[in-house]
Amino acid sequence: MPALDSRVRPPHVLLAVGAVLLVVGAVAPAGGRAGLLVGALAAAVISAAAARLPVTRETLAATAVVLAVAGLADGGRLLSSGPVAPLLLTSVLVLASRVQPATRAWPLGAWAVFQIAAVRAVADAPAGVVRTCALLAVALAGLAVVLGARRTLARIALLTTVPWWVAGVVGGMGTAWSADDAAWASAALTVVAAAGLLVMRLEPDVSPLLGPPRAVPVLAGAVGGAAVAGALSGGPAGAVVAGLAGVVLAAGAAAVLDGWRRGLFLPSALAAGVVLLASALAHLVAAAAWRELALLLVLTALPAAVVGRLRREDRPAAVPAAVACFAVAAALAVPAHLVRPAGAAVALTALYAGTLAAATGLTAETRRHTLGVGAGAAAAAIGFAVAADGLGPLVGHLAVQGGLTWLWGHRDGRRSGGTTRAVGAAQLVVAAWVAVASAGAGAVEAYTLPAALGLLLAAGPRLATGPSEPAWGPGLLVAAVPSTVLAVVEAGAERPLLVLAGAAAAMVAGAAAGVRTPLLVGAGTAVALAIGLAVTALPLTLAGALVAGTALLVLGARRELRPVGGFADRLADMR
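Analysis parameters
Residues numbered from 1 in each chain as written. Predicted model: local features only at pLDDT ≥ 70, side-chain atom pairs only at ≥ 80, totals over all residues. Heavy atoms only, no water. Helix = DSSP H or I, 4+ residues; strand = E, 2+ residues; numbered from the N terminus. Buried < 20%, exposed > 50% of the residue type's maximum accessible area, 1.4 Å probe, protein only. Areas by Shrake-Rupley, 256 points an atom, 1.4 Å probe, with all protein chains shown as cover. Expected span 1.5 Å × (residues − 1). Arc of directions from axis to C-beta. Contact = heavy atoms within 4.5 Å. Salt bridge = Lys/Arg side-chain N within 4 Å of Asp/Glu carboxyl O. Axes fitted to C-alpha atoms, helices over the stretch in contact; angles between N-to-C directions. Parallel < 35°, antiparallel > 145°, perpendicular 65-115°, else oblique. Nonpolar A, V, L, I, M, F, W, Y, C, P; charged D, E, K, R; others polar. Core = buried A, V, L, I, M, F, W, Y, C linked by side-chain atoms within 4.5 Å. Patch = residues over 30% accessible without salt bridge, like charges linked within 9 Å, V, L, I, M, F, W, Y side chains within 5 Å. Polar contact = N/O pair within 3.5 Å; in protein donor to acceptor, adjacent residues only side chain to side chain. pLDDT = per-residue confidence, 0-100. Left-handed = near helix turned anticlockwise from the far one by under 90°.

## What to know about the overall build of the protein
Thinking step 1. Secondary structure summary: the protein contains 24 helices and zero strands in total.
Thinking step 2. The proportion of buried residues among the 575 residues of the protein is 40%.
Thinking step 3. Roughly 30,000 Å² of accessible area belongs to the protein as shown, and the carbon and sulfur atoms make up 72% of that amount.

Below you can see the structure in the form of structure tokens.
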């Protein structure tokens, strides 16, 4: 738009100054409402006669509006009288805008006078739902003007409607949360006002004034959801209905909307659904209504699962949300006295198994989030199993979860399969250790052998296809070293025989399969055991000589293979 000084001409200045002087001269004398109205009528008639002079026409029309507004003041009380006179003047100005559609002062004046009528009507309305209705009615009228007016009036109407909308929405939500007979009426009016604000996004003349594209839809949805949540806040049953309504609204919008409707209405539906669900959860938690809360979570999980099944792009959020809701519902069934801790543990372990089965066909992001939530359900199952009587349920859940985790990691061909196998193997090892501890077994092999088996299970396919040392070595050493040391240190013949039998089996199996590490570990175990037993059977002096001789043999052979300074010299050359 060009600068103001480049568009203003001397006649424009004369017209503006003349209009100001005329208005001041007419308004300054105390009294004379009839004179002001006659002056306004005369200015309007002259404005109509000056149709070919646009600036003169607008100036006289604006003068007529100001004089008419001044005539509304009864003894200086412009905003404290009844709304009838401003409404009549608004009607006259609307009619004038129809007769002279090119004059902008008429619709602008009509909207300004309507604001005066609205202020008077709201001031006369009793506090409560009646005043809230009046505020929201003015806000809806302003939004209707925004949709039907030209660009300048539409923007002015939007800016002047915002205070009415805010005041009406605040009053409507306050009445909706007051739990009286007018709660639903206020909630309905608030939802209508929020929907009217949402429609403003479709008006191209005012859309740039509304901020980011998602701001107005989110605000409208949050306001409507809060109002409906307040109307349903009478008890646990109403909270369940509010939460379910929020879930159905959000899930239905996500599953049905597409195109420009999705961009406009989906943020609003999601915001309303989140507010409804959050208010319901807060209400039920505050009231300790665990049974109703568990029911709400189950009802929440079902639409989320449907959305995850129907819309691939929404699965990263819908599928983990459904699993989380089922898990929390199963956990809340215990304080709700619906099931015992053992039953909740079974349900959570079954949910973990279902999560593993469902995660196979998901994308990487969705699978990662889903498995994370499933792992939380598995941990909660272990906690409930510990709370149950005895260690038997704990062993069973650890074994089942570990087996499922290991099988899933074994079948998963991705990079994360090794980590998953290790987690499953660790669960199986812990299950074995808990079972051994509960049985009161004291042999060290009761703990080392399950750990060794867990290391071998964690290696997985590398046992058959990869290098044998990193795959077989850790597990075989964990199984062999503690038992060999105890067979030498402790008295008795049973453990040495078993260690030798195991070493022989490892050597035979490794040689038959062509795997080097079992053969070497078995041979080293047998040699170490034999030397250890021989050393412990000899007197202390001979044992020391044997150890020293062995050390010297090893050192001499190494220095002959890799000589260093001093060891490479001949004896005759030494001083």
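That was the structure; now back to the text.
## A look at helix 17 (residues 392-411)
Thinking step 1. Taking 1.5 Å of rise per residue, 20 residues should cover 28 Å, and helix 17 covers 29 Å from first to last C-alpha, within 8% of that figure.
Thinking step 2. Those residues of helix 17 lying buried are Leu394, Val395, His397, Leu398, Gln401, Gly402, Thr405, Trp406, Trp408 and Gly409.

## Structural notes on helix 23 (residues 516-537)
Thinking step 1. Here helix 23 spans 32 Å end to end across 22 residues, near enough to the 32 Å set by a 1.5 Å rise per residue.
Thinking step 2. Within helix 23 the residues assigned to the buried category are Thr517, Pro518, Val521, Gly522, Thr525, Ala526, Leu529 and Gly532. Axial view of helix 23: buried residues confined to an arc of 160°, hence all on one face. Facing away from the buried surface of helix 23 by more than 90 degrees, the exposed residues are Arg516 and Leu520.
Thinking step 3. In this structure, the buried residues of helix 23 make contact with helix 21 (468-489) and helix 22 (494-513).

## Side note on unusual backbone geometry
Thinking step 1. Even without being glycine, alanine 288 reaches a positive phi, approximately 55°.
Thinking step 2. Locating alanine 288 in the fold gives a position in the loop between helix 12 (259-286) and helix 13 (290-310).
Thinking step 3. On the accessibility criterion, alanine 288 (42% relative accessible area) is partly exposed.
Thinking step 4. A positive phi angle, close to 60°, is found at histidine 337, a residue other than glycine.
Thinking step 5. Positionally, histidine 337 belongs in the loop between helix 14 (315-332) and helix 15 (341-359).

## Quick notes on the pattern of salt bridges
Thinking step 1. Tallied over the entire structure, the rule returns two salt bridges.
Thinking step 2. Close ionic contact of arginine 495 with glutamate 445 constitutes a salt bridge, the shortest N to O distance being 3.0 Å. Note that arginine 495 is positioned in helix 22 and glutamate 445 in helix 19 (residues 445-459), a separation of 50 residues in sequence.
Thinking step 3. A salt bridge links glutamate 490 to arginine 495; its shortest N-O distance comes to 2.8 Å.
Thinking step 4. Accessibility expressed as a relative area gives 22% for arginine 495, which makes it partly exposed.
Thinking step 5. Through salt bridges with shared partners, a single network forms among Glu445, Glu490 and Arg495.

## Some remarks on the packing of helix 14 against helix 16 (residues 364-387)
Relative orientation and spacing of two packed helices are given, respectively, by the angle between their axes and the distance between those axes.
Thinking step 1. In the contact formed by helix 14 and helix 16, the axes pass within 8 Å of each other and the chain directions differ by 10°. It follows from the interaxial angle that helix 14 and helix 16 lie roughly parallel. Along the contact surface, helix 14 presents Arg315, Pro316, Val319, Pro320, Val323, Ala324, Ala327 and Ala331, while helix 16 presents Glu365, Thr366, His369, Thr370, Val373, Gly374, Ala377 and Phe384.
Thinking step 2. Tallied by class, the residues present in the contact of helix 14 with helix 16 amount to ten nonpolar, four polar and two charged.

## Re the nonpolar core
Thinking step 1. Membership of the largest hydrophobic core comes to 29 residues, with the highest contact counts inside it found for Val146, Trp164, Trp165 and Met200.
Thinking step 2. Elements with a contribution of two residues or more to this core: helix 6 (105-124), helix 7 (129-148), helix 8 (151-176), helix 9 (183-199) and helix 10 (215-231).
Thinking step 3. Beyond its immediate sequence surroundings of up to four residues, tryptophan 164 is in contact with Gln115, Ala118, Val119, Val122, Leu135, Val138 and Ala139.

## Structural notes on a nonpolar patch on the surface
Thinking step 1. On the surface, a cluster of nonpolar side chains totalling about 460 Å² of accessible area is made up of Leu147, Val199, Leu202, Trp260 and Phe265.
Thinking step 2. Take leucine 202: it is sitting in the loop between helix 9 and helix 10.

## A short note on the environment of tryptophan 106
Thinking step 1. By the secondary structure assignment, tryptophan 106 is in helix 6.
Thinking step 2. It is 9.4 Å that separates the C-alpha atoms of tryptophan 106 and threonine 90, two residues lying 16 residues apart in sequence.

## Some thoughts on the side chain of arginine 421
Thinking step 1. Considering the arrangement of structural elements, one finds arginine 421 in helix 18 (residues 417-439).
Thinking step 2. Looking at arginine 421, the relative accessible area reads 10%, which means it is buried.
Thinking step 3. Of the polar contacts made by the side chain of arginine 421, one reaches the backbone oxygen of alanine 458; its length is 3.5 Å.
Thinking step 4. Not counting residues up to four positions away in its chain, the partners in contact with arginine 421 are Trp406, Gly409, His410, Leu457, Ala458, Ala459, Gly460 and Pro461.

## Here's the deal with the confidence of the model for the protein
Thinking step 1. Of all residues in the protein, 79% attain a pLDDT of 70 or more, and the chain-wide mean is 78.
Thinking step 2. Considering each helix and strand of the protein separately, the mean pLDDT is smallest for helix 2 (residues 10-27), with a value of 47, and largest for helix 19, with 90.
Thinking step 3. The low-confidence segment residues 12-22, where pLDDT is below 50, has nine contacts with residues more than four positions distant or belonging to other chains.

## Observations regarding the environment of leucine 546
Thinking step 1. Within the element layout of this structure, leucine 546 appears in helix 24 (residues 540-561).
Thinking step 2. Given the relative accessible area of 37%, leucine 546 is considered partly exposed.
Thinking step 3. C-alpha separation for the pair leucine 546 and alanine 534, spaced twelve residues apart in sequence, amounts to 9.5 Å.

## A few points about the packing of helix 21 against helix 22
Thinking step 1. For the pair helix 21 and helix 22, the least separation of the axes is 8 Å and the interaxial angle reads 145°. The chirality of how helix 21 crosses helix 22 is left-handed. Facing Ser483, Thr484, Leu486 and Ala487 of helix 21, the residues of helix 22 in contact are Arg495, Pro496 and Val499.

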